[in-house]
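Below, each chain spelled out in residue letters.
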Amino acid sequence: MIATPVAAPRYVYDFDDPAGGGRERLGGKGAGLAEMTQLGVPVPAGFTITTEACREAMALQDLPEGLDTEIDEHIAALEERTGKRFGDQADTLLVSVRSGAAVSMPGMMDTILNLGLNDAAVAGLATATGNQRFARDSYRRLIQMYGEVVDGIDAHRFEQALTDLKAKRGAAQDTDLTADDLAELLETFKRIYRDGTGTDFPQDARDQLRRAVRAVFDSWKNPRAEVYRRAHGIPDDLGTAVNVVQMVFGNKGDTSGTGVCFTRDPSTGEQGLYGEFLVNAQGEDVVAGIRTPEPLQAMQQRLPEAFQQLLDTMRRLEEHYRDMQDIEFTVEEGALYLLQTRAAKRTAAAGLKAAVEMTDEGLISRDEAVARIDPAQLDQLLHPMLDPNASYTVAATGLNASPGAASGKIVFDADTAAERGEREPVILVRWETTPDDIHGMIAAKGILTVHGGMTSHAAVVARGMGKPCVAGCEALSLDLNARTARVGDTTLNEGDVLTIDGGTGRVIVGEVELVPPQINEDFQTVLEWADDIRRLKVRANADTPDDAKRAREFGAQGIGLCRTEHMFFGEDRLPVVQEMIMAHDEAGRRAALDRLLPMQQSDFEGIFEAMAGLPVTIRLLDPPLHEFLPPLEQAPEKMRERIKQLQEANPMLGTRGCRLGLQYPEIYEMQVRAIVRAAAAVRERTGEAPLVEIMHPLVGFAEELRRLRELTVAVASEENDVEYLCGTMIELPRACVRADEIAEHADFFSFGTNDLTQTALGFSRDDAEGKFLTHYLEDGVLERNPFETLDQSGVGDLMRIAVERGRAVKDLKLGICGEHGGEPKSVAFCHKLGLDYVSCSPFRVPLARLAAAQAALAEKGAAYVAAGG
Ligand code: PEP
Ligand code: MG
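Residues numbered from 1 in each chain as written. Chains lettered and ligands numbered in written order. Predicted model: local features only at pLDDT ≥ 70, side-chain atom pairs only at ≥ 80, totals over all residues. Heavy atoms only, no water.

Caption draft 1: Expanded view of the site of ligand 1. Taken together, 14 residues lie around ligand 1, and R563, E731, G752, N754 and R765 are the ones closest in. At 2.9 Å, a side-chain N or O of E731 approaches an oxygen atom of ligand 1. The separation between an oxygen atom of ligand 1 and a polar main-chain atom of G752 is 3.3 Å. Look at ligand 1: alone it shows 290 Å² of surface, and the protein chains cover 95% of it. The greatest single-element share of the shell around ligand 1, amounting to 3 residues, is contributed by helix α29 (residues 753-761). Considering only residue class, the shell around ligand 1 consists of 3 nonpolar, 4 polar and 7 charged. (Near = heavy atom within 4 Å. Polar contact = N/O pair within 3.5 Å; in protein donor to acceptor, adjacent residues only side chain to side chain. Areas by Shrake-Rupley, 256 points an atom, 1.4 Å probe, with all protein chains shown as cover. Helix = DSSP H or I, 4+ residues; strand = E, 2+ residues; numbered from the N terminus. Nonpolar A, V, L, I, M, F, W, Y, C, P; charged D, E, K, R; others polar.)

Encoded structure:
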């Protein structure tokens, strides 16, 4: 048999040689350098050794056969191209050897610069740059990097030698050392190298290169890279590519220089010249702060040709990548080289402006503009934020329960918050909040709780108010008698100033500068474009006419959840509610309810008017009754017996929701009556009938809803002929699997995913976060907090079953009103599930509008959708 000759695998590609295989093969950096080279953008010449070679090297524990020869051939080509020789003594070709994996792993693997220098070439470099000091410094850096990376010499030994020399010379900075000092340091470094390896520092450039490539491959397996991969879910078997790149020097006289630039202003997104430049300098000079760079404009006079070339290149790069770029460049003797270009990091405001303007310029489509905005970043614009330039120390971190930042004086109870909050900014600090604290929460600038999670009372209410909240900050401990809080070794007194950032969960002692919310025209424009794209409707969870108005301003298309219990806590109502609970019989309860009815009715009228033309879902009373009573120890004697009677070990699984409505039907009767009367009154007054949806909570059995629908219909028919829908929340696993039976009695379902998460996972929504769930998240048992981001494969699958079984019976209207309704990933899931709407707190409505559009784009297969979907 004749063997077919197999072509030897090829491992090395020049940047201008199309390799195919993209970043998986060439690594992100290599693919970028090749792309730019092939675009005609001036980048330093060089070549990439593929990730395949790294994988082979890992398997063989040696460089694969033929790689050496290939590298030699490419070095020869590089010499030809640059007109310099590798290992030459006069003006030598120097290269950097840089790792570069398919997925960016910043700083995790190794890089060696100035490779090719040796005892003779260092003198050549000094002549070429006219800078003896620089040449020696470059060489000592090579010995240090090479010694550490290739030969595993303890970095500390080099650092110590440098520190000792500085101390000897009385030098504060590295840059205070002279050329002579560096000559001495070089000798020390060479000695350290010899001590560490038993050999002299290699003088042969090719030998240096071969060993450096091998070491960079090996750095894929170093412990920090492994930890990073595990944390970011990057597979261990990808391997890294290695880029061998010509070194270019910006310090070869007045026709050289270095700089950074942005194609648009990274803080505002505006077009213009943004960047910095230094003539006759290296990037390190800027970093070390020895010289202050000039504005980019200065380059126009000093290096007009390179400047013009840079402007052209910036335009080309932005057009090619169709995004704002952040560019590093060097000019070596008049020749421009781009060292790096990447999508520029930008503020949320700049992201919006750039997206809108690039659309106007025809660079990107509206779809792309919408896809490009990170919904989480958008959130920043809606609330005050910590000034990004402020410096501060984080004292503790809790859950990022409601975004925005606030500074204020610490108060430990709601009454004090209400009282002092009128005069000065206060932060309400509690173990956890209860509905009793509402007046203090309204008065406070922000809320900090030790316990409680993303669906805790504090989190939900703060989010509804658009107020910062950090919850579950277990590092904090309160002594309410002494009126102090402790965090670490610090004791804080009432009145001390504290800053919280509800977007990150950070708690800072003292005041930090804030930047105000920035809702502007660009913001509106992008959201309007998003509205044209999305299919999902977005409603708001709102309990008051003011919240409803605000929700409308943010673009809400109705109310998906009006929690009526919040209306029971008003100062004028709570005593009546308590009277109702304390009553011994139905007649007593009805008497109290009769007094509550007009108050509820006027609340509903306000909400209906604020939401004219849009649907309003009103949920009947849900929480356990004891929530309306004071804690036993603080209660007056006459209340105690009743409080004891109502006490339950697991109130969240007890007498609440529709169970309450079935046991005390007069409560729901009053609420239904108030709703239909309010609807009739508003219709009378405005000529427009509100779109009313009456919702029953915590239904698990069809029979529960059958009876409650009967009650609803009976009461409504005693009143005016108002049209309404009658539906249920889906908050229990049983309701999901028996959705077909429940649908028989429902016009709509609304998924209450706070309770559904609690009941499906068996995780208490009051206790899990800050306790075992924090451990789960830190330890990687769970990737995400299920009370924040929907547990798609568990809770989400129950929802899918409910959708399928419910819709098999009738064309139900479907929505979600749990906190997940405003979280981008969960919104995307709801889109896929075919829900009609998501409902979230008013301040999250813009974010949900954007996330819903991104979900629609992802469904269309738009490859550029990055966030949310
Ligand atoms: C839910 O359970 O998801 C819900 C919206 O209701 P609540 O948070 O009021 O229990
Ligand atoms: Mg619920």
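Caption draft 2: Expanded view of the sheet that holds strand β17 (residues 469-471). The strand order across the open sheet formed by 8 strands is β12-β22-β21-β14-β15-β16-β17-β13, and the pairing between neighbours is mixed. At either end of the open sheet lies a strand with only one pairing partner, and these are β12 (394-397) and β13 (399-402). Neighbour-to-neighbour, the strand axes of this sheet turn through a mean angle of 30°, independent of strand direction. Sheet topology note: the strand β16 (residues 446-449)/β17 ladder contains 2 bridges and is parallel. (Pairing = 2+ DSSP bridges. Axes fitted to C-alpha atoms, helices over the stretch in contact; angles between N-to-C directions.)

Caption draft 3: Main features of the sheet that holds strand β24 (residues 537-541). Strands sit in the order β24-β25-β26-β27-β28-β29-β30-β31 around a closed barrel of 8 strands; the barrel is parallel. Strand-to-strand twist in this sheet, taken as the mean axis angle between neighbours without regard to direction, amounts to 25°. In this sheet, strand β28 (residues 724-730) lies alongside strand β27 (residues 691-696) in parallel orientation, the contact comprising 5 bridges. Opposite I694, over in β28, you have C726 as the bridge partner. Here helix α31 (residues 795-809) sits on the sheet in contact with β29 (748-751) and β30 (813-816), set at roughly 180° to β29. (Contact = heavy atoms within 4.5 Å.)

Caption draft 4: Just helix α33 (residues 845-859), in detail. Its 15 residues place the ends of α33 21 Å apart at the C-alpha level, agreeing with the 21 Å of an ideal helix rising 1.5 Å per residue. Within α33, 13 of the 15 residues are buried, leaving the element largely enclosed by the surrounding structure. In the stretch just after α33, G861 is the one whose phi turns positive, near 90°. (Expected span 1.5 Å × (residues − 1). Buried < 20%, exposed > 50% of the residue type's maximum accessible area, 1.4 Å probe, protein only.)

Caption draft 5: Local environment of the coordination of the magnesium ion (ligand 2). E731 (OE) and D755 (OD) make up the full set of protein donors to the magnesium ion (ligand 2), lying at 2.0 Å. Note that E731 is positioned in the loop between β28 and α27 (733-737) and D755 in helix α29, a separation of 24 residues in sequence. Here the two residues E731 and D755 agree in accessibility, since each one is buried. (Donors = N, O, S within 2.8 Å, 3.2 Å for Na, K, Ca; no water.)

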